[in-house]
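As a plain string of letters, each chain reads:
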Amino acid sequence: MLDTYRQVVTPEGVALHLRAAGPVPRALAYLVDLLARAAIYVALVQLLAIPFGKAGGALLMLVSFGLTWFYPVLFEALMQGRTPGKWALGLRVVSADGAPVGWMAAFARNLLRVVDALPLFYAVGLTTCLIDPWGRRLGDMVARTLVVHAPRQTLLHEAAVAPAVAPDQLLLPHEQAAVVAFAERGPGLTAARQAELADLAEPLVHVRGQAAAARLYGIANWLLGRR
Amino acid sequence: MKQERFVERHQAEWREFEQWLERRGDSARNARSTRREWRGIRDDELPARHRRLCQQLALARRRGYSAVVTDRLQQLMQRGHSMLYRTKPAHPRRAVEFLLAGFPRLVRAEWRCMLAAALLFVIPLVTIFVAIQVKPDLASGLFPPQMLAQFEEMYDPSGKRDLGRTQEDDLEMFAHYIGNNVGIGFQTFATGLVAGVGTVFVLIFNGIMIGGVAGHLQAVGHGDPFWRFVAGHSAPELTAIVIAGGAGLRMGLSLIAPGQRRRVDSLIHGGRRGAKICIGVFAMLVFAAFVEAFWSSIGWMPASIKYAVGALLWSLTALWLLRGGRNAAYQDDEDAA
């Protein structure tokens, strides 16, 4: 319940990182979808029912039936697990092994909304969602799916190129990682912030301010093997 | 190996893999149209490339390379994974095969639940029907008087209008039947998850309602138009409701009596089969709504033709459910799962 970060080991033996989404973003996504469906419905009332009378009304009934049962299924199966609401909230449905959802799974998980919505306001779904370590509702368990935060494209830069400088003491692995991480993220920060962070490494670089930052970049380049 | 050397050595491979994903992986149509111009990795090489990438990712993590490298490899790996392990796309031929063979097989495989559902539905129906014949006052205990009057008006034997409705167009009734019946069918199934209680309730409730209406109309002498109306679509509609109920009971059972599976695995198993059955139920109910809206309502058709068509549909439904997919070499790959 507290840890929503999940790893699935693929057949190749490496871990897939899945960040299970909790009830709040999912409920918000559901609301967005609800509004979208309402908007489609209202638009169709204007387009079909009013100008075409009875036949229009019949078509409208068919469409609202489709909106109820197949709107999420179509989007999830065709748009890589994203309904417009999930897209807006940065969520997506994947099957439990990290692969995209298929038609069957999308159909099953949405069919069982009937049960998750019992007795009022998705109470069953919310309860199971809080108990389950993957944050799944019953429909997700049956369909073997889960809702995850879609991996955002991370904006990481390569470390800035600087003359490589050997550090004058042995660095432990996590210290090396910290120096390299600084060199990769530093260029995105203001000069003052870079200097402030570099000050923390004074015992290593023996200077402060801009000079410390420059020296850290040098060490990072040395660690990365640019020589 | 230092990170920089590692990246230098494998950079080209990663680029090729990325290009393949962008140009050929994302859209099958796009991939087909550019098959001849494509000069990158061959499609059949992709699994091997993916495994190499996974190995490189594991190495990069093991050696503690920075986020620039591991995150990039991680993202590539996840994209490759979702490409290699996606489910088969839906194909029209597979859909037809499922409806003709797979669905009847699934239904037969769960025949005990189907039988239970049928009994839960038919026993109240017949009981109420007979009871109302004996004691017609019972109907007014089941329905409010306005509703009874409405039923009587709908099946008025002297009236010239269409059977089973007041004034609406066929298309409108079709839409109405679909929305109504498919909703009931799906709910019959899904509420089975609550230990089967919901399904049992829906089945008995619908049995009583239908038996009540039929019994009342028969008792007040409006039986002929009612039976003429019902003869056609009753076969697909009633069997579909019973089958949805059977699937719901199956799912409820897999919660109560998971057998040698973990409870959650048993639910998954029951739910997947149930959802498949619901696809068939959906098709049956759409067909039933079609018959109900465009055939059952024709008022001038002689009773003999109506009953003949009804009998034909009943026997076709029975034949389909009992014989469908029996001798086919077709094996559903998820049957075993």
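Before any of the text, the structure's been laid out above.
Conventions we followed
- All chains use their own residue numbering, which begins from 1 and follows the written sequence.
- Following the order in which they are written, the chains are lettered starting with A and the ligands numbered starting with 1.
- This being a predicted model, a pLDDT of at least 70 is required before a residue's local features are given, and a value of 80 or more before pairs of side-chain atoms are given or counted; all residues contribute to the totals for chains, interfaces and linings.
- Only hydrogens and water are removed before side-chain values are computed, so all heavy atoms of the structure are retained for them.
- For salt bridges, the criterion is a side-chain nitrogen of Lys or Arg within 4 Å of an Asp or Glu carboxyl oxygen.
- Only DSSP runs of H or I reaching four residues or more are called helices, and only runs of E reaching two or more are called strands; each is numbered from the N terminus.
- For every residue, the accessible area (1.4 Å probe, protein chains only) is compared with the maximum for its type, and the residue is labelled buried under 20%, exposed over 50%, or partly exposed between those bounds.
- Only protein atoms enter the 1 Å grid used here, on which a cavity is any set of points holding a 1.4 Å probe that cannot leave and a pocket is any open set flanked by protein within 12 Å on both sides along at least five of seven lines; residues with an atom within 4 Å of a point are listed as lining.
- Grid points are joined across faces, edges and corners, and a volume is the space filled by probe spheres set on the points.
- This arc describes the spread of directions from the helix axis toward the C-beta atoms.
- Whether two residues are in contact is decided by their heavy atoms: any pair within 4.5 Å suffices.
- Accessible-area loss on putting two parts together, using a 1.4 Å probe and summing over both, is the definition of buried area adopted here.
- The definition of a polar contact used here is a pair of N or O atoms within 3.5 Å, where within protein one atom must be able to donate a hydrogen and the other to accept one, and adjacent residues in sequence count solely through side-chain atom pairs.
- Throughout this entry, Asp, Glu, Lys and Arg are counted as charged residues, while Ala, Val, Leu, Ile, Met, Phe, Trp, Tyr, Cys and Pro are counted as nonpolar. The remaining residues, Gly among them, count as polar.

(A) Spotlight on the pattern of salt bridges. Overall, the coordinates contain 16 salt bridges over all chains when judged by the stated rule. E196 of chain A is the salt-bridge partner of R193 of chain A, the closest N and O atoms lying 3.3 Å from each other. Placement of both R193 of chain A and E196 of chain A in helix α9 (residues 191-199) is noted, with a separation of 3 residues, approximately one turn of the helix. For R193 of chain A, a relative accessible area of 38% gives the class partly exposed. Judged by relative accessible area, which is 47%, E196 of chain A ranks as partly exposed. One salt bridge in this structure joins E110 of chain B and R273 of chain B, with 3.1 Å as the shortest N-O distance.

(B) Summary view of empty space enclosed by the protein. Residues and elements named next belong to chain B. Tallied over the entire structure, the rule returns 2 cavities of 30 Å³ or more. Considered as a void within the structure, the second largest cavity measures approximately 30 Å³ in volume. Looking at the second largest cavity, the residues that line it are E13, W14, F17, R49 and L53. Those elements that provide at least two residues to the lining of the second largest cavity are α1 (3-25) and α3 (46-62). Here the element with the most residues in the lining of the second largest cavity is α1; it accounts for 3 residues.

(C) Summary view of helix α8 (residues 145-154) of chain B. Residue and element names in this part refer to chain B. Three or more residues of α8 are buried, namely L148, F151 and M154. Projected down its long axis, α8 carries its buried residues within an arc of 125 degrees, all on one side. In this structure, α8 carries P145 and Q146 as exposed residues pointing more than 90 degrees from its buried face.

(D) Spatial organisation of the interface of chain B and chain A. Across the boundary between the two partners, chain B contributes 53 residues, which contact 50 residues of chain A. Summing both partners gives a buried area of about 4400 Å² for chain B against chain A, and 71% of it is carried by carbon and sulfur. Applying the counting rule to chain B against chain A returns 0 salt bridges. Viewed at the interface, chain A and chain B are joined by 5 residue pairs in polar contact (both at pLDDT 80 or more). Among the elements of the structure, α1, α3, α4 (67-84), α9 (170-190) and α12 (263-296) of chain B are those that each provide at least two residues to the side of chain B that touches chain A. Per element, the largest residue contribution to the side of chain B that touches chain A is 13 residues, and it comes from α9 of chain B. By residue class, the composition of the side of chain B that touches chain A is 26 nonpolar, 16 polar and 11 charged.

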